[in-house]
Amino acid sequence: MAMSVLLRLDQVSKRFGGLVANDRVCLEVHEGEILGLIGPNGAGKTTLFNCISGFYPPDGGRIFFRAQDITGRSPEEIARIGIARTFQIVRIFKDLTVLDNTVVGALLRARTVGEARERALRVLEFTGLKDKMDRLAAHLTIADKKRLELSRALATHPTLLLLDEVMAGLNPQEIREAVDLVRAIRASGVTVFVVEHVMEAIMTVCDRIAVLDYGRKIAEGAPASIATNEDVIKAYLGVGYRAGG
Amino acid sequence: MGEGVSRPVARARIRWMGLLVFAAAVFLLGYPYVFTAPFPQHLMIRIFLFAALAQAWNILGGYCGQISLGHAVFFGIGAYTSTILLIRWHISPWVGMLAGVLLSLAVTLVVGYPTFRLSGHYFAIATIAVGEIARFLVANWPFAGGAVGLYVPLLREGLRTFEFHTTKAPYYYISLLLFMAVTVATAFLEHSRAGYYFRAIRADPDAARSLGIPIHRYKLLALALSAVFTAMGGTFYAQYVLYIDPESVLPLMLSVIICLVAVLGGVGTLWGPVLGAVVLIPLSEGTRVYLAGMGGAGRAFDLIVYGAMIVLMSVFEPTGLVGLWRRVRRAWR
Amino acid sequence: MILLQGVVNGVLLGLVYALIAAGLSLIFGLMEIVNFAHGQHLMLAMYGAYWLAVLYGVDPLLSLPLWAFALFLLGVATYWLVIARVLRAPMLAQIFSTFGLGVFLQSLAQFVWSPDFRLVPSPLVKGRVEIFGLFVGVPELVASIGAVAAFAVLYLFVMRTESGRALQATSEDREAAALVGINSHRMFALGWGIGLACVGVAGVLLSNFYYIFPEVGFPFALIAYVTVALGGFGSIPGAFIAGILIGLTEVLSGLLIGPAYKYLFVFLVYLVVVVARPRGLFGRY
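Quick caveat, the model's predicted, so the values are computed rather than measured. (Residues numbered from 1 in each chain as written. Chains lettered and ligands numbered in written order. Predicted model: local features only at pLDDT ≥ 70, side-chain atom pairs only at ≥ 80, totals over all residues.)

Caption draft 1: Structural context of the interface of chain A and chain B. With 23 residues of chain A at the interface, the matching set in chain B holds 17 residues. For the side of chain A that touches chain B, the secondary-structure elements that each account for two or more residues are α2 (75–81) and α3 (98–106) of chain A. (Contact = placed C-beta atoms within 7 Å. Helix = DSSP H or I, 4+ residues; strand = E, 2+ residues; numbered from the N terminus.)

Caption draft 2: Expanded view of the arrangement of the chains. Across the two pairs of chains in contact, the largest number of contacts is found between chains B and C. The two partners chain A and chain C share no contact, and the minimum distance between any of their C-alpha atoms is 11 Å.

Caption draft 3: Main features of the nonpolar core. Counting residues in hydrophobic clusters, the biggest one holds 279 residues, and the most contacted among them are V16, A18, L19, I20, C198 and A202 of chain C. The leading source of residues in this core is helix α1 (residues 2–31) of chain C, at 16 residues. Of the residues that make up this core, three or more belong to each of domain 1 (32–58 + 72–82 + 158–245) and domain 2 (92–156) of chain A. Not counting residues up to four positions away in its chain, the partners in contact with A202 of chain C are V16, L19, I20, L42 and A147 of chain C. (Core = buried A, V, L, I, M, F, W, Y, C linked by C-beta atoms within 7 Å. Buried ≥ 20, exposed ≤ 12 C-beta atoms within 10 Å, placed from the backbone. Domains from an automatic or database assignment.)

Caption draft 4: Main features of helix α1 (residues 45–52) of chain A. With seven of eight residues buried, α1 of chain A is to be regarded as a mostly interior element. One or two positions beyond α1 of chain A, positive phi appears at G54 of chain A, with a value near 90 degrees.

Caption draft 5: Up close: the pairing of strand β2 (residues 134–137) of chain C. Residue and element names in this part refer to chain C. In this structure, strand β1 (residues 128–131) lies alongside β2, joined through four bridges in antiparallel fashion. Bridge pairing in β2 places I131 opposite L134. Where β1 hands over to β2, the hairpin turn is made up of two residues, of which F132 adopts a positive phi near 50 degrees. (Pairing = 2+ DSSP bridges.)

Caption draft 6: Up close: the packing of helix α3 (residues 72–89) of chain B against helix α9 (residues 215–241) of chain B. Residues and elements named next belong to chain B. Between α3 and α9, the shortest axis-to-axis distance is 6 Å and the interhelical angle comes to 50 degrees. With respect to each other, α3 and α9 are oriented oblique. For α3 against α9, the interelement crossing comes out right-handed. Taking contact as the criterion, the partners of F74, F75, G76, I77, G78, A79, S82 and T83 in α3 are, on α9, A227, T230, A231, M232, G233, G234, T235, Y237 and A238. When grouped by side-chain class, the residues that make up the contact of α3 with α9 number nine nonpolar, eight polar and no charged. (Axes fitted to C-alpha atoms, helices over the stretch in contact; angles between N-to-C directions. Parallel < 35°, antiparallel > 145°, perpendicular 65-115°, else oblique. Left-handed = near helix turned anticlockwise from the far one by under 90°. Nonpolar A, V, L, I, M, F, W, Y, C, P; charged D, E, K, R; others polar.)

Written out as structure tokens, the structure is:
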């Protein structure tokens, strides 16, 4: 089964002064898969996301979405092209209700506010927030805030969804629910690219995993092979996780 | 938006609202016939005018989160454009109002386009600078009357000339109309795409961009809408007072009062500006009469209080009177 | 010759602008808050020097250390009373808190001291000197030397002392600094104190030759904002260079084009900087 390449990173580099955050990273995201990106703190994962989503222009290399070169495009254009994202520190619109938050996302593809509202309601039903739709976003639990940010991103009808540490700060039950949701999102036709620290989650949900260390990609492959990869283990300094327990 | 209510409660609420609206309409429309003396009418006219100006400011500052500290420049543009066109080329003030609107849109682009790309502080600074430069330029420009100002030529009264000499009642209704126009526009805005986008930009501009919102364009739109209504207020003022000068239509104090009315009432809310105007304007008229004996110092005293109020409100209750009201209501439940 | 005279005047004026801007830049670099009352704080220092001179015969040059310290205390007090409470508030509240403070201080000054223009009677420094065929006012010269001296002190403090380095660290990365035990609140208060002290020194130096009235601080503040934008928000060396450039721009455009247009030119510089290089010359944002 040949999977087409949805997103291609070709030698992407990003520097901050003397610090090299991303070092000639080459990566492919296949359509319909759930790709994971892991690495120790400071490895450059969020920076890579910021390059893809248009918040930082890369200093080197190119980024392709399907056949289109999207390197250095603005965040608004990236969203329009079909790439949505969540943020490492949740950035919901605090003074707006859950529904209004989602409507803002839905307005990207909807022609009228009414249409956006309907789409938003459908998304909230899908992510399980519909019964809280009139609550102020600021009053949600951290898990629900992340769910809201995810709903808002989904409402833009993306082809590719970038999730930045969406499981951080969740308890085991919430992590399980998040994993189920990510699977459901993929089943609905959205490709998912996940940055994560929570190992159990990323090992179970991803088809493939790429590993960054000091800005460079050091491994890529199925979760089982990543778990036993010596370079990966060394990078994490002995975070002992082996597939199969 | 409250959390779900039962149907009979909702219907009762609608009935009460309807009654309230009807009573308010009767009161507002009949006011000039009950209070025929000039001062009560003048007071209401000032309330409507400042409520309208604050509501216009609110579109940009309250909903979209871009703080303008020099909004008087648009007021001045409206006043001076219509007045100069009237004096020099005998053009009707209504057309002059339109011209003022167009000119303020041009200024919107010139100021907003470069400064909106960056953080709100840059924009706020630019607005102060623009306001002061405008005042300075006009004060040194003989064509615009310089520091002496301009007298609006006395014409036969009537709607066409936008002047009324025997009674203030027509001014009352026009200012009421202006206030309603801004408020209705804001109400429509709240449920429109632009309204949603404005609030998203205010809440988190980067998150807004990640959802595909062209924040630059929408900030300009907010500024344009705000400028247009403020300019219309300026033309109204010129035709009402029949004399304008840089100190009355372009000073920092005017920008301060507009901000204060909006902040006091509650930024980002539909009724905040009205509330702010209803509280502040009678207060300021009262202190003016009370402190009339102090002369020039009296004017400064106003500003002392306003300045202190702005600081206190922003430190303790940034959501204004409306926010206070909501908190009281929630505590009551 | 007139051009050269203009250049000299521009540089002298620019050094004072630089000092005023340095205080503003320091505060913004630390906590991303613009002191919209900066001009009013300058005005207070000028009035302070004036009243000590008029009431007790103390020359501004002598009262300078006193007022620098007084403004330092005022800065710290302003931080603890007002700014600390709006650190986490939305930008609207932050902008309005200092803006309202400025309005309050200016109108208080007008109410208490009347709008009359005042001048320090017979200051120690007065008159003009001739250097290489150019005429330079002594008070202006002293003011710019004082500004340079203040900059030197500021530079030494920030670079050589422990508190200064802690200040730098907090400015660069507040969280990292907190992790190594640097108390952010104390750094912010220190920043406000030093920022207003700079303005205090500038104000006293200006009082030697400038008219003093309630609105005097406003044009200086506007120029300070432009200077900070040009030099880069948060950069002290940037404020120094930018101040000189702005001083030159103002004087030269006044000479070459017309005195009514010099502020227009300064604002144009602001627009150009903001569009072409938002980070300014040395800034971080």
